[in-house]
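Here's the letter readout for the chains.
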Amino acid sequence: MVSPGIARRNLSAHPASSFEGNENMKTFINMLKDQSGASAAEYALILAIVGTAIAAAAVLLGGAIGDAMTSAADCIDQTTAECQATAVAA
């Protein structure tokens, strides 16, 4: 069994290392109690949902956008009756 006097001497011999873990624990507990982290998490969740919606829209509309770009490129490359009719209607 170690006497309290020896334990106290050992702690006072290394004051920085003995209290460093305690300070880290206080910091961790303060972070757990902090409510601003909850709002940051909520913003991250909203950002993830919006990002997922944008990605889904890009996948769903990708074919239609690709077809429109191909049609526009064809109209630029060659003059056809269909392209001229579309240009006049616009």
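Quick caveat, the model's predicted, so the values are computed rather than measured.

Asks: Kindly report on the overall build of the chain, identifying the contributing residues and their values.
Replies: Counting its secondary structure elements, the chain contains four helices and zero strands. Starting at the N terminus and walking to the C terminus, you meet the elements of the chain as α-α-α-α. A buried classification covers 1% of the 90 residues belonging to the chain. Surface exposure of the chain reaches about 7,800 Å², of which carbon and sulfur atoms provide 67%.

Asks: Can you tell me about the confidence of the model for the chain, naming the residues and giving the values?
Replies: The predicted model of the chain averages 75 in pLDDT, with 61% of residues at 70 or higher. Per-element confidence in the chain ranges from a low mean pLDDT of 50 for helix α1 (residues 4-13) to a high of 88 for helix α3 (residues 36-77). Of the regions scoring below 50 in pLDDT, residues 7-12 engages in two contacts with residues more than four places distant in sequence or in other chains.

About the cut-offs
Residues numbered from 1 in each chain as written. Predicted model: local features only at pLDDT ≥ 70, side-chain atom pairs only at ≥ 80, totals over all residues. Heavy atoms only, no water. Helix = DSSP H or I, 4+ residues; strand = E, 2+ residues; numbered from the N terminus. Buried < 20%, exposed > 50% of the residue type's maximum accessible area, 1.4 Å probe, protein only. Areas by Shrake-Rupley, 256 points an atom, 1.4 Å probe, with all protein chains shown as cover. pLDDT = per-residue confidence, 0-100. Contact = heavy atoms within 4.5 Å.

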